[in-house]
Amino acid sequence: MTLPSPYKHELLLREYGKSTYELVQTLRTIEDKAERTRRAQQIVQLIFRLNPSLRDQPDAQQKVWNHLFVMSDEDLDVDSPFPLHSLDLLAKQPKAVAYPKQSPKIRAYGRAVELLIEQAIALEDPAEREQATITIGRTMKFLYRSHNKENAKDVTILKHLKELSGGKLELDPAQVEAQGLFEFATTGRPAPFIVPQPRNDRDPRRGGGNNRRDKQRRGGKKGRQEPQQPPQ
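Every value quoted in this text rests on a predicted model; they were computed, and no experiment measured them. (Residues numbered from 1 in each chain as written. Predicted model: local features only at pLDDT ≥ 70, side-chain atom pairs only at ≥ 80, totals over all residues. Heavy atoms only, no water.)

**Quick word on the overall build of the protein chain**
In plain terms, the rule: Secondary structure elements follow DSSP: runs of H or I of four or more residues count as helices, runs of E of two or more count as strands, with numbering from the N terminus. Throughout, a residue-residue contact means that at least one pair of heavy atoms, one from each residue, lies within 4.5 Å.
When you go through the protein chain residue by residue, the secondary structure sums to 10 helices and 0 strands. Considering only contacts within the protein chain whose residues lie at least 6 apart along the sequence, 48% involve residues at least 24 apart.

Shown next as C-alpha cells:
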C-alpha cells in the first residue's frame, strides 16, 4: 500500500507547514524550467523568512533544497545550486568504526604518545632525535599530572620513556633535572598588576596622611594648650 504524499512527508509538513507544501506541489505544474526554478528559489527564500533559525544550521541551503525535492515527490526538474537527492541516504547504515585492538601500555599516556615515540625513533639525526625526546618527555609529564592528579618526578618519566621506546630513547637524568627540560616555560608572563592604595588609607608612619592632624590626635605638646592659672 502506497501512502499519499501528505502522509508520506508528515515530518516535513510539521516543519514547514501545509501552505509551503502546497506551493512546492504546484511547481510540478509549471512547464517552463526557468520559471519553475525562479519559483523554487522564491519558496526557499520564504522558508528562511518563516524559519530564521535555519540560517544558523550548517549546510542550511542544501538542506532546504533537498527538502523541497522530497516534498515534490522527488519529481522536481530545476537548476538547483546543489545536487538534489532523497532522504533515503539518511536511512543507510553507517560504516562501523574500527575499534583499536591494541591498548596503550601505560594508560596515562595513551596510544598517541606511543606513535610519537615510534616517529622519534625513526629520526636519523641525533640532534633532532634528542629534541624530539625532550618534547615527548615534557608531554608525558603533563599527561601524567592530568591523569594521576599528582606531580611526577623526572626519573619516573625517563623510566617510562625508556620502557615505551624499548631503550632507544634515553636522556641524562642529571641534565634533565638541572635544566628543567621536562618543565613548560613560564617566562614572558606579564607582571601582576597591583592596585595603588588610596592616599587617605596609607599608614601615617610611612609618610602618608596629615601629620599635623595626626599629631593633635595623639596629644602632641605643640597642639595642646595648658590651662591658665588665676592670679594670686
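**Describing the packing of helix α4 (residues 33-50) against helix α5 (residues 60-71)**
For any two helices packed against each other, one specifies the inter-axial angle together with the distance between the axes. For the record, the criterion: Every angle, taken between N-to-C directions, lies between 0 and 180 degrees, and every axis is a line fitted to C-alpha atoms, over only the stretch in contact when it is a helix. Note on terminology: angles under 35 degrees are roughly parallel, angles over 145 are roughly antiparallel, angles of 65 to 115 are roughly perpendicular, and the others are oblique. In this scheme, a crossing is called left-handed if the near helix is turned counterclockwise away from the far one by less than a right angle; it is called right-handed if the turn is clockwise.
Interhelical geometry of α4 versus α5 gives an angle of 120° and a closest axis separation of 10 Å. The angle between α4 and α5 places the two elements in the oblique class. Classified by chirality, the crossing of α5 by α4 is right-handed. The segment α4 lies against α5, with Ala40, Gln41, Ile43, Val44, Ile47 and Phe48 engaging Ala60, Gln61, Val64, Trp65 and Leu68.

**A closer look at a nonpolar patch on the surface**
Definition in use: Only residues whose relative accessible area exceeds 30% and that form no salt bridge enter a patch; like-charged residues are grouped when within 9 Å of one another, and nonpolar side chains (Val, Leu, Ile, Met, Phe, Trp, Tyr) when within 5 Å. Residue exposure ignores everything except the shown protein chains as possible cover, and the areas themselves are Shrake-Rupley values with a 1.4 Å probe. We count a salt bridge whenever a side-chain nitrogen from Lys or Arg sits within 4 Å of a carboxyl oxygen from Asp or Glu. Note on classification: 1.4 Å probe, protein chains only; a residue is buried when its accessible area is under 20% of the maximum for its type, exposed when over 50%, partly exposed between these limits.
Where nonpolar side chains cluster on the molecular surface, the patch consists of Leu23, Leu46 and Leu50 and spans about 240 Å² of accessible area. Secondary-structure assignment places leucine 23 in helix α3 (residues 18-26). Among the residues examined, leucine 23 registers a relative accessible area of 36% and is labelled partly exposed.

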